[in-house]
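One letter stands for each residue in the lines below.
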Amino acid sequence: MIRADFVYEVETKNLDKLMAKFQQSGAEKFNSEPTHVKMEMAMREEYDKIYVSLNFYYNSLDDYMTRSKFEQSQSEWMDIWFTPNDFFKQVSLNVYEIN
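Residues numbered from 1 in each chain as written. Predicted model: local features only at pLDDT ≥ 70, side-chain atom pairs only at ≥ 80, totals over all residues. Heavy atoms only, no water.

## Examining the environment of Ser32
Part 1 of the reasoning: One can find Ser32 in the loop between α1 (15-25) and β2 (38-46).
Part 2 of the reasoning: By relative accessible area, Ser32 is classed as buried at 14%.
Part 3 of the reasoning: Put simply, Ser32 and Glu71 are 39 residues apart on the chain and 8.9 Å apart in space, counted from C-alpha to C-alpha.
Part 4 of the reasoning: Beyond its immediate stretch of four places on either side in the chain, Ser32 contacts Arg67 and Phe70.
Part 5 of the reasoning: At a separation of 2.7 Å, a polar atom in the side chain of Ser32 contacts the side chain of Arg67. (Helix = DSSP H or I, 4+ residues; strand = E, 2+ residues; numbered from the N terminus. Buried < 20%, exposed > 50% of the residue type's maximum accessible area, 1.4 Å probe, protein only. Contact = heavy atoms within 4.5 Å. Polar contact = N/O pair within 3.5 Å; in protein donor to acceptor, adjacent residues only side chain to side chain.)

Here you go:
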């Protein structure tokens, strides 16, 4: 099993906008196979910023890579997540093997 851990930083006042992006990217038009088998979200607040850790679990690294390639092939997906000068920052992306 693989866990992809995306960490985002956003100003507290913009958290609703980031949550809206998560909602948009969950739209049916972005469904594909393979897909994640589990998802978890955690947050922590630090001064005027919130850090969001979004974890997706996949059966294999191949599944994760296939899903990532699908996402990156979608222009609407890219518009959601890769707009220059957006209001949030992706702090990190780490992929772990779960034993």
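From this point, the discussion proceeds with the structure in view.
## Observations regarding the pattern of salt bridges
Part 1 of the reasoning: By the definition in use, this model includes 6 salt bridges.
Part 2 of the reasoning: One salt bridge connects Arg44 with Glu46, and the closest N-O pair in it is separated by 2.5 Å.
Part 3 of the reasoning: Among the residues examined, Glu46 registers a relative accessible area of 33% and is labelled partly exposed. (Salt bridge = Lys/Arg side-chain N within 4 Å of Asp/Glu carboxyl O.)

Don't take any of this as a statement about function, it's just geometry.
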